[in-house]
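The chain contents come next:
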Amino acid sequence: TKDIQFDYVIANNREVSKEVKERYERESSKLLTINKKDRNLFKELGIEIIESDFIEVKRGYVRHDVKKVTDYISANISIG
């Protein structure tokens, strides 16, 4: 198989409310976060972490905000 190399990881850095966190806990679900170990691995692999407010909360669930992600990529990352 061919190795896939990523240049960037896009991650949310906005805190979610206590109510949203509790809802996920009640449903035995977890919100993904980047920890120190992840940061070290990405750095070692030469992968840049891009962090910003990339989420929206709809009906108590965290979702990617496609417009925020698209706007960030369009304004900051050249492809090609």
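Everything here concerns the structure above.
The structure contained in this document is the topic of the report that follows. On a predicted model such as this, the values are computed, not experimentally measured, just so you know.

Observations regarding the nonpolar core
Core analysis: the biggest nonpolar cluster contains five residues, these being Val-16, Val-20, Tyr-24, Ile-55 and Val-62. Not counting residues up to four positions away in its chain, the partners in contact with Ile-55 are Asn-12, Arg-14, Val-16, Val-62, Arg-63, Asp-65 and Lys-68.

Regarding the pairing of strand S1 (residues 8–12)
By the alternation rule, side chains of S1 split into Val-9 and Ala-11, which are all buried, and Tyr-8, Ile-10 and Asn-12, of which none is buried. The sheet contact formed by S1 and strand S2 (residues 48–52) spans five bridges and is parallel. Across the sheet, the residue bridging to Ala-11 is Glu-51, located in S2.

Considering the pattern of salt bridges
Applying the stated criterion across every chain, the model contains eight salt bridges. Note that Glu-27 and Arg-23 form a salt bridge whose closest N and O atoms lie 3.5 Å from each other. With a relative accessible area of 38%, Glu-27 lands in the partly exposed category. What makes Arg-23 partly exposed here is its relative accessible area of 23%. Here Asp-53 makes a salt bridge to Lys-68, at a shortest N to O gap of 3.2 Å. Placement of Asp-53 in the loop between S2 and strand S3 (55–58) and of Lys-68 in helix H3 (residues 66–76) is noted, with a sequence separation of 15 residues between them.

What counts, and where the lines are drawn
Residues numbered from 1 in each chain as written. Predicted model: local features only at pLDDT ≥ 70, side-chain atom pairs only at ≥ 80, totals over all residues. Heavy atoms only, no water. Core = buried A, V, L, I, M, F, W, Y, C linked by side-chain atoms within 4.5 Å. Buried < 20%, exposed > 50% of the residue type's maximum accessible area, 1.4 Å probe, protein only. Contact = heavy atoms within 4.5 Å. Helix = DSSP H or I, 4+ residues; strand = E, 2+ residues; numbered from the N terminus. Pairing = 2+ DSSP bridges. Salt bridge = Lys/Arg side-chain N within 4 Å of Asp/Glu carboxyl O.

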